[in-house]
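Here is what each chain is made of, one letter per residue.
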Amino acid sequence: MQELLNGVAQGTVYALIAAGLVLIFGVVRVPHFAHGESVMVSGMMTCWAVTSLHLPVLLGAAVGVAASVGYGLFLCFAVYWPMRNHPEWNLLASSLGAVVITQTAAIAIWTSTPRVTPGGVSGSFEIGDAIIPWSWAVLAAISAAVIGATALLVSRTTAGVSMKAMAADAETAQLMGIPVRKNWAIAFAVGSALAGVAGSVYSTVFPVSTTLGLDVTFSALVVIILAGIGSVAHVLWGGVLLGVVEAVAGTVFPGGYQDSMVFLFMLVVLVARPNGLFGLERARD
Amino acid sequence: MTRFLPWAALVAGLGILGTGSPYLLTLAATSALAIMVAIALNVSMGLGGSVNLGVGVFYGCGAYGAALLNTKQGYSLGASLVVAVAIAVVVSLIVGPLLLRTRSLYFAISTLALNGIFVDIVASNDDLGGELGIPGITRPGPLPFFGEDGDPGSLRTMYLLICVALVAVLAVFAAIRGHRVGRTLEAIREDELLCQSLGYTTLGYRVFAFTVTAGLAAVAGVFYAFVIQYVNPGPFSFLTSSFQAFVIVAVGGAARTWGPILAGIVLVAGPSFLEFSATTNQYVYGGVLLAIVIFLPGGLAAGVDRLARGGAATTSSLRRTLARLKHTRESEGELS
Amino acid sequence: MSESLLTVESLVAGYHGSRVIDDVSFSVGPGEGLGVVGANGAGKSTLLRTISGLVAPASGRILLEGRDITRLSPDRIARAGVLHVPEGRRVFSGLTVHENLRTGTIAGAARAGSSADPYDAVLDLFPRLRERLNQQAQTMSGGEQQMLAIARALMGRPSVLLVDEPAMGLAPVVVKRVAEHLRTIREHWGVALVVAEQSANNVDGIVGGHQLLVDGRLREVDSGGSDRANLLAAYRAAGADVPTTARSGRALTDGKNE
Ligand SMILES: Nc1ncnc2c1ncn2[C@@H]1O[C@H](COP(=O)(O)OP(=O)(O)OP(=O)(O)O)[C@@H](O)[C@H]1O
Ligand SMILES: [Mg+2]
């Protein structure tokens, strides 16, 4: 029970990160493997702002999110936008190059010791015989709320609809006057902001380290594939599913194999539904 | 005649390195192995267009297979080579058709997952050495005609064998690329639907490319086990093996025979010989990678071509424009 | 022509060196039409795609109300008021009919001082779509998709509408209905209309005059002339369907257009 609830809390964070990646990958079709670095940058900046600048946690989180958005937009326009007509794997390679540089720089600045942002929510409450820290509940609630807000943004606003149109058929979207460059910026800004929120909130609850980026990206990819459908809201279920599968795998195989369970689960989903795991992708075929 | 020039240069370069100190030999050998894995990947990624991010699995199959066969059964290098590569090929024939149901980025992600599973299994299973790995692999004795003074563990012999393997793997790649099968693979990469409608069983070709990649990567793995004499999960993780191979192919120029050699020299061998600090090394690696994929989309091989042709740089850029136009055309998705 | 909305001057365009559009000039004013007729590969789509910015011209100019739009990006050209209904309709799949229409409004919203929301007017023109607002666009029939593609472009309040092969794959009755809609749009909405078709039959009722596109060159065919035999011969030479109900046309002005 305890593990399960822990899994759910972790899962909502995965979902939040994945929702950001769905926007970026779904709309502009960039395999943005540096997405996890946005999470790391935000977590580290939040921690730095709170411990070194003595800012209150909320302001620290704002610094973290801003850093994350800045990082995402920088990569968008310095790296990906100039390469928008290159083949997909070229973009993939460039995002991995960005991962290498970011991670090296982060380790040089912050070392690789995990750290927690002080001043998060404390205390706990009980459900049945499980003890839930309030911080977990806050983490899950913020994640779910932000995902919900993003889902509304995509489905209700004209900008959101135009992003869906771009995902379905970028060329025709242009013919309808949809501003491509601006939508790239929106996708990267909002996507990185979600990663930023995840990173800063997470850092107040669990330790974060400069090396977590790529693992986080992998988890987000797993979530996106489990969720199966391109809608941002479905990602929430994918994330919770991943969190729970991890927790269950952890109790069933205490001596390892957790990663295998998760990856195997993902492989089964991928192989069973080889085409168009994102609804967005299917829309193109 | 000029066709043999690069081969001669490669053999000469390897020969010169072969006179170096044991330290240099180890660096050269590991660089050669990284390049070998990339050449293997170039079959499925370059020719076939399937971005396989799990080549480390087969590299690892070769290495772990050889390590177990040698330490538990006393197999020699030659016998391990045959058996371990056969194991990798069988594994690839089982997982290949399944994974190849997916396409493009999904295929990349599923192979990445496969790599995660492999590393997790070898790290968790004590029979496979767990995190600690398997030590104590015995190298073959020195070759009779090869001077052995001052080279007790016959490192130089291993180096020589690795060089032979590298040239052989490269030759296999060049042969496939020039063969009808290679051209069919490239056609499938460009337009799979069209090839299907022409009656090709494209899945068969893609599985073939996947398997060749697996087999060649396993060859590199076997040599890895025998030259390092120790295997552990680290070198076969996504970051150290599959990622590395992918980057070498991308930077060198996909489907280009000499691409992995050029990129391997620039990205792997160069920095390790220059002995930068680990941090500088990473910056250089990431920076060179970014610069080349952004400014030289055809990779180093295309850049060298351009230099060789002097002013006639137009061909590759024309080819690129053509490819882009073709892309836009395809994305129109209409038959007119 | 009294005032010209869209003016194309000596346009040359093509792909990696090959000239597909070779020195084409024409102009259309509000409420006027132009039919671009030619066989497969004549370059109809290339002409329209060059005007809407998808293909970069090698030389020549494209003016909208006197303003040079030649080098603008496709989305800015659309926001300037030139909307393109692409070949094969290309409605956004995965989006509902309503959402498809909504994407169209983006081009119109960018122009200040445009008239009121065209939503109701567009749905009045295509009542069929009103019944299906929440249907997924890709599940509609070909004819409905063509209507949606046109309606989507109309939502952007175009002053110039480029339509590429609206009749493609549609039954004759449906072709007729689409044609009627397009004529309404031109005559009553005052939109300048450029329609590409393989068969002169299909554009006949939609636009005022036609032009033939032969090997990338436009040849003008004035309407209202009398030398029908010459017109037919010209169509045949261009590889186009021979019109069966064409009005009498006068001989082509030889060689260059305009
Ligand atoms: N993206 C492209 N790259 C290279 N050549 C192209 C491209 N698009 C079109 N072409 C060539 O340009 C010429 C004109 O094509 P276009 O599509 O404009 O003809 P079309 O008149 O629209 O034909 P259809 O009636 O079949 O649609 C053809 O020879 C075609 O092969
Ligand atoms: Mg056409």
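Residues numbered from 1 in each chain as written. Chains lettered and ligands numbered in written order. Predicted model: local features only at pLDDT ≥ 70, side-chain atom pairs only at ≥ 80, totals over all residues. Heavy atoms only, no water.

**Digging into the overall build of chain A**
Okay, so step 1: When its secondary structure is counted, chain A shows 12 helices and two strands.
Okay, so step 2: Walking chain A from its N terminus toward its C terminus, one meets helices and strands in the order α-α-α-α-β-β-α-α-α-α-α-α-α-α.
Okay, so step 3: Over its C-alpha trace chain A gives a radius of gyration of 18 Å, about what one expects of a compact globule, namely 19 Å for 285 residues.
Okay, so step 4: Taken over 285 residues, chain A has a buried fraction of 60%.
Okay, so step 5: Here the contacts in chain A between residues at least 6 apart in sequence split such that 76% fall between residues at least 24 apart.
Okay, so step 6: Per element, the accessible surface of chain A, about 10,200 Å² overall, is 68% carbon and sulfur.
Okay, so step 7: Averaging the coordinates of the 10 positive side-chain charges in chain A and doing the same for the 12 negative ones gives two points 15 Å apart. (Helix = DSSP H or I, 4+ residues; strand = E, 2+ residues; numbered from the N terminus. Rg over C-alpha atoms; globule rule 2.2 N^0.38 Å. Buried < 20%, exposed > 50% of the residue type's maximum accessible area, 1.4 Å probe, protein only. Contact = heavy atoms within 4.5 Å. Areas by Shrake-Rupley, 256 points an atom, 1.4 Å probe, with all protein chains shown as cover. Lys, Arg positive; Asp, Glu negative; His and termini not counted. Charge placed at Lys NZ, Arg CZ, Asp CG, Glu CD.)

**Some points on the sheet that holds strand 1 (residues 6–15) of chain C**
Residue and element names in this part refer to chain C.
Okay, so step 1: Spatially, the four strands line up as an open sheet ordered 2-1-4-5, and their pairing is antiparallel. This sheet does not close on itself; its edge strands, each paired only once, are strand 2 (18–28) and strand 5 (67–68).
Okay, so step 2: As paired strands, strand 4 (residues 59–64) and strand 5 are joined by two bridges and run antiparallel to one another. Paired with Leu63 across the strands is Asp68, a residue of strand 5. (Pairing = 2+ DSSP bridges.)

**A look at helix 9 (residues 202–228) of chain B**
Residue and element names in this part refer to chain B.
Okay, so step 1: Counted at 1.5 Å a residue, the expected span for helix 9 with its 27 residues is 39 Å, and the 39 Å between its end C-alpha atoms agrees.
Okay, so step 2: Judged by how many residues are buried, helix 9 sits mostly within the fold: 23 of 27 residues are covered.
Okay, so step 3: Immediately downstream of helix 9, the backbone of Gln229 shows phi near 65°, a positive value. (Expected span 1.5 Å × (residues − 1).)

**Concerning the UniProt feature "transmembrane region" (unreviewed entry) in chain A**
Okay, so step 1: Mapped onto the present numbering, the UniProt feature "transmembrane region" (unreviewed entry) falls on residues 12–33, 53–79, 91–111, 131–154, 184–205, 211–229, 236–255 and 261–280 of chain A.
Okay, so step 2: Annotation note: span residues 184–205 of chain A, helix share 100%, strand share 0%, distance between end C-alpha atoms 32 Å. (UniProt positions renumbered as here; feature names shortened; annotations may be inferred.)

**A word on the site of ligand 1**
Okay, so step 1: The local shell around ligand 1 holds 16 residues, among which Lys44, Ser45, Thr46, Glu87 and Glu165 of chain C are the closest.
Okay, so step 2: Taken together, the residues near ligand 1 originate from chains B and C.
Okay, so step 3: Between ligand 1 and the protein, one listed contact pairs an oxygen atom with a backbone N or O atom of Ala42 of chain C at 3.3 Å.
Okay, so step 4: Between an oxygen atom of ligand 1 and a main-chain N or O atom of Gly43 of chain C, the distance comes to 2.9 Å.
Okay, so step 5: Relative to its unbound accessible surface of 630 Å², ligand 1 loses 80% to contact with the protein.
Okay, so step 6: Elements supplying a minimum of two residues to the shell around ligand 1: helix 14 (314–332) of chain B together with helix 1 (44–51) of chain C.
Okay, so step 7: Among the elements that make up the shell around ligand 1, the one with the highest residue count is helix 1 of chain C (three residues). (Near = heavy atom within 4 Å. Polar contact = N/O pair within 3.5 Å; in protein donor to acceptor, adjacent residues only side chain to side chain.)

**Comments concerning the interface of chain B and chain A**
Okay, so step 1: Contact with chain B, which involves 42 residues of that partner, is made by 44 residues of chain A.
Okay, so step 2: Together chain B and chain A conceal approximately 3,700 Å² of surface at their shared face, both sides included; 77% is due to carbon and sulfur atoms.
Okay, so step 3: Counting the surface chain B buries against chain A, the share from its top three residues, Leu105, Tyr106 and Ile109 of chain B, is 18%.
Okay, so step 4: In this assembly, chain B and chain A are joined by zero salt bridges.
Okay, so step 5: Along the contact surface separating chain B from chain A lie three residue pairs in polar contact (both at pLDDT 80 or more).
Okay, so step 6: Counting residues per element, the ones that place at least two in the side of chain B that touches chain A are helix 4 (77–99), helix 5 (104–124), helix 10 (238–252), helix 12 (278–295) and helix 14 of chain B.
Okay, so step 7: A per-class count over the side of chain B that touches chain A returns 26 nonpolar, 11 polar and five charged. (Buried area = accessible area lost by both parts, 1.4 Å probe. Salt bridge = Lys/Arg side-chain N within 4 Å of Asp/Glu carboxyl O. Nonpolar A, V, L, I, M, F, W, Y, C, P; charged D, E, K, R; others polar.)

**Here we look at the pattern of salt bridges**
Okay, so step 1: Summed over the entire model, instances satisfying the criterion amount to 18 salt bridges over all chains.
Okay, so step 2: Across the pair Glu171 of chain A and Arg49 of chain C runs a salt bridge whose closest N-O atoms are separated by 3.0 Å. Remark: Arg49 of chain C occurs in helix 1 and Glu171 of chain A occurs in helix 7 (residues 170–175); the pair is interchain, linking two chains.
Okay, so step 3: With relative accessibility at 10%, the residue Arg49 of chain C sits in the buried group.
Okay, so step 4: The shortest N-O distance in the salt bridge between Asp120 of chain C and Arg130 of chain C comes to 4.0 Å. Placement of Asp120 of chain C in helix 4 (residues 119–125) and of Arg130 of chain C in helix 5 (residues 127–130) is noted, with a sequence separation of 10 residues between them.
Okay, so step 5: On the basis of relative accessibility, which here comes to 47%, the residue Asp120 of chain C falls in the partly exposed class.
Okay, so step 6: Judged by relative accessible area, which is 37%, Arg130 of chain C ranks as partly exposed.
Okay, so step 7: Through salt bridges with shared partners, a single ionic network connects Asp169 and Glu171 of chain A together with Arg49 and Arg90 of chain C.

**Considering the pairing of strand 1 (residues 124–127) of chain A**
All names here are of chain A.
Okay, so step 1: Where strand 1 lies against strand 2 (residues 130–133), four bridges are found, and the strand directions are antiparallel. The residue bridging Ser124 from the neighbouring strand is Pro133, located in strand 2.
Okay, so step 2: Taken together, strand 1 and the strand that follows it, strand 2, pair antiparallel across an intervening segment of two residues, in which Gly128 is found at a positive phi of about 55°.

**Details of the pairing of strand 2 of chain C**
Residue and element names in this part refer to chain C.
Okay, so step 1: Most of strand 2 is tucked away: eight of the 11 residues are buried.
Okay, so step 2: As judged from the seven bridges shared by strand 1 and strand 2, these two strands associate in the antiparallel manner. Within strand 2, the residue paired with Tyr15 across the bridge is Ser18.

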